[in-house]
Amino acid sequence: MFRAMSSRPKANFNRLHLILLLALVTIASAARPRELFVHCSSIRLDTNCSESSPCNSVHRAIALLQAHRQQPTTIWIAAQSACVEQTVLIDSAQQLTIAGQGGEALLCFAGTVGLKVQNSSLQLNSLALTNASTAVLAVDSSLQISNCSFVANQAAVSASANSRGLSVDVSFSTFLLNTRSAISVLRPGQSSLVLNVAIADTDFISNRLPTSGPILPDDGLITIGTVDFGRIDSARVVLQRLRIIHNTQLCLARCAPSTRSRPLVLVEAAAVEITDILLQNNHVAWKLFFSDERVVESALFNVRSSSLTACSCHFVNNAVTVVVPEFGGGAGGAFLGMLMHASGDSRFVDVVAVRNVVNITVPQNNPTQIAGGLFSVAADGALSTRW
């Protein structure tokens with residue numbers, strides 16, 4: 001009888017030991033990095049996306065990912081073929097990387113949204129994304145983009161925060177021939193959500209951004225801030241070693257009075273660091289209709305921040321054209337810092353302007369002020385320039 005009673009605790013211990021062992025095996029399996037392979041020229045349809053049997057679309061690889069979304073996963077896309085995709089949904093994926101294998105892999109999205117990312121952590125590396133209405137559309141996610149090119153899209157990268165923090169890191173990439181925006185990162189103005197943005201070693205070249213009506217929140221080459229564009233939030237933004245060259249922004253139909261005129265680059269954040277920025281051969285042209293008195297702040301670079309540090313900003317051969325055909329009700333307007341305007345506690349060191357042209361045409365007998373000229377700093381600030 002003693003033996004029968006003593007065997008029960010031992011059996012329970014063995015059962016508990018087995019459960020813990022299975023749990024540890026499951027956790028270890030989930031944490032083990034997984035690799036999926038895509039070769040879009042493959043004619044095989046039903047594959048497991050292994051290296052020896054790659055699948056022929058990113059859609060197929062993402063479908064296999066769904067059952068293991070918490071597992072760190074890399075999707076390798078062969079650089080030897082072009083992938084034609086339509087709206088790839090990435091939802092609740094943790095530690096997902098999509099990368100070109102053997103070079104830059106081409107993803108063409110046939111005019112649809114490209115990668116639609118929700119509540120995920122995504123890294124993109126060595127990819128060329130083209131022909132999308134929005135190449136990467138991310139909500140409440142963390143994005144790391146490196147060695148990628150965004151070519152001939154309407155919008156390239158558009159990220160927003162609704163219910164959780166947002167992080168966007170772009171480096172060693174190129175934005176070329178996009179027609180609405182290159183990078184847009186927005187969050188609700190009343191929110192306390194964390195927003196961190198870093199853009200470094202990246203080129204913005206020959207993007208053409210026409211606007212024929214009311215300006216949308218994400219219009220503009222680079223737009224970072226809040227949806228209402230008026231509140232300086234707690235975001236932190238770092239811009240380093242950017243080349244912004246041969247871009248054009250046109251608003252020649254009717255810029256609605258209720259919208260703020262959008263510069264090529266608009267940043268609104270509590271802390272902003274700008275280092276080694278070149279703006280060269282860009283052209284901004286606006287036709288503005290005012291229904292009430294308003295202020296136009298900058299056409300190329302506008303920063304609203306409670307703490308701004310800018311070092312080595314070079315403006316070369318840029319052109320700004322503003323036509324004001326009428327002031328409704330006889331109200332006036334003012335133009336501030338048409339190359340660069342900053343609000344808040346700002347420190348500028350080594351700001352260089354060479355051969356830039358600003359042409360503002362207004363009707364006679366209308367009270368218009370040109371304040372700040374090419375550069376202006378509102379509130380507390382110090383400006384060191386070379387001409």
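What counts, and at which threshold
- Residues numbered from 1 in each chain as written.
- Predicted model: local features only at pLDDT ≥ 70, side-chain atom pairs only at ≥ 80, totals over all residues.
- Heavy atoms only, no water.
- Helix = DSSP H or I, 4+ residues; strand = E, 2+ residues; numbered from the N terminus.
- Buried < 20%, exposed > 50% of the residue type's maximum accessible area, 1.4 Å probe, protein only.
- Contact = heavy atoms within 4.5 Å.
- Areas by Shrake-Rupley, 256 points an atom, 1.4 Å probe, with all protein chains shown as cover.
- Salt bridge = Lys/Arg side-chain N within 4 Å of Asp/Glu carboxyl O.
- Polar contact = N/O pair within 3.5 Å; in protein donor to acceptor, adjacent residues only side chain to side chain.
- Pairing = 2+ DSSP bridges.
- pLDDT = per-residue confidence, 0-100.
- Disulfide = S-S within 2.5 Å.

Caption draft 1: Summary view of the overall build of the protein. Per the secondary structure count, the protein includes two helices and 36 strands. Of all 387 residues assigned to the protein, the portion counted as buried reaches 49%. Partitioning the intrachain contacts of the protein with sequence separation of at least 6 by distance along the chain shows that 72% fall at a separation of at least 24. Summed over all atoms, the accessible surface of the protein reaches about 17000 Å², with 55% contributed by carbon and sulfur.

Caption draft 2: Looking closely at the pattern of salt bridges. By the definition in use, this model includes four salt bridges. Glu273 is the partner of Arg236 in a salt bridge, and the nearest nitrogen-oxygen pair spans 3.0 Å. You can see Arg236 sitting in strand β20 (residues 236–245) and its partner Glu273 sitting in strand β23 (residues 271–280), a full 37 residues away along the chain. Judged by its relative accessible area of 40%, Arg236 falls in the partly exposed class.

Caption draft 3: View of the side chain of Ser42. By secondary structure assignment, the location of Ser42 is in the loop between β1 (34–38) and α2 (58–65). Taking the relative accessible area as the measure of exposure, Ser42 reaches 19% and is therefore buried. With residues near it in sequence (within four places) discarded, Ser42 still touches Pro54 and Asn56.

Caption draft 4: Structural detail: the side chain of Ser50. For Ser50, the location among the structural elements is in the loop between β1 and α2. Since its relative accessible area comes to 19%, Ser50 is described here as buried. A polar contact of 2.9 Å, which involves the side chain of Ser50, links it to the side chain of Asn48.

Caption draft 5: Region of the structure containing the environment of Ser160. Following the sequence through the fold, Ser160 ends up in strand β13 (residues 155–160). Residues Ser160 and Val185 lie 25 residues apart in sequence; the distance between their C-alpha atoms is 5.6 Å.

Caption draft 6: Region of the structure containing the environment of Ser92. With respect to the helices and strands, Ser92 occurs in the loop between β4 (88–91) and β5 (96–101). Apart from residues lying up to four places away in sequence, Ser92 is in contact with Arg69, Gln70, Gln118, Asn119 and Ser120. Only 3.2 Å separates the side chain of Ser92 from the side chain of Asp91, close enough to count as a polar contact.

Caption draft 7: Spotlight on the pairing of strand β30 (residues 340–343). Of the two faces of β30, the one carrying Met340 and Ala342 and the one carrying His341 and Ser343 are both buried. The pairing of strand β26 (residues 301–304) with β30 spans four bridges and is parallel. Paired with Phe301 across the bridge in β30 is Met340.

Caption draft 8: Seen up close, the confidence of the model for the protein. Averaged over every residue, the pLDDT of the protein is 81; the share at 70 or more is 73%. Across residues 23–30, confidence stays below pLDDT 50; counting only partners more than four residues off in sequence or on other chains, it has four contacts. Counted against residues more than four places away or in other chains, residues 327–332, with its pLDDT under 50, gives 15 contacts.

Caption draft 9: A look at the pairing of strand β11 (residues 142–146). By the bridge criterion, five bridges tie strand β8 (residues 121–125) to β11 in an arrangement that is parallel. Paired with Ser121 across the strands is Ser142, a residue of β11.

Caption draft 10: The state of the cysteines, seen in detail. Taken as a whole, this structure holds two disulfides when the rule is applied. Each sulfur in the disulfide pair Cys40 and Cys83 lies 1.8 Å from the other. The disulfide joining Cys40 to Cys83 has a torsion of about 95 degrees about its S-S bond and is therefore right-handed. In this pair, Cys40 is assigned in the loop between β1 and α2 and Cys83 in strand β3 (residues 82–84), connecting sequence segments 43 residues apart. The disulfide partner of Cys49 is Cys55, and the gap between their sulfur atoms is 2.1 Å. Between Cys49 and Cys55 the disulfide shows an S-S torsion of about 110 degrees. By sign, it is right-handed. For Cys49, a relative accessible area of 0% puts it in the buried group. Unpaired in this structure, Cys313 has its nearest cysteine sulfur neighbour in Cys311, at a distance of 7.6 Å.

Caption draft 11: How the structure looks around the environment of Phe301. Topologically, Phe301 is positioned in strand β26. Residues Phe301 and Val265, spaced 36 residues apart in sequence, show a C-alpha to C-alpha distance of 4.8 Å. Beyond its immediate chain neighbours, meaning those up to four positions away, Phe301 contacts Leu239, Pro263, Val265, Ile274, Ile277, Leu279, Phe315, Leu339, Met340 and His341.

Caption draft 12: Molecular detail of unusual backbone geometry. You will see that Thr87, though not glycine, has its phi angle at about 40 degrees, which is positive. Under the relative-accessibility criterion, Thr87 is labelled partly exposed at 32%. Here Asn131, not a glycine, exhibits a phi torsion of approximately 55 degrees, which is positive. Structurally, the position occupied by Asn131 is in the loop between β9 (127–130) and β10 (134–139).

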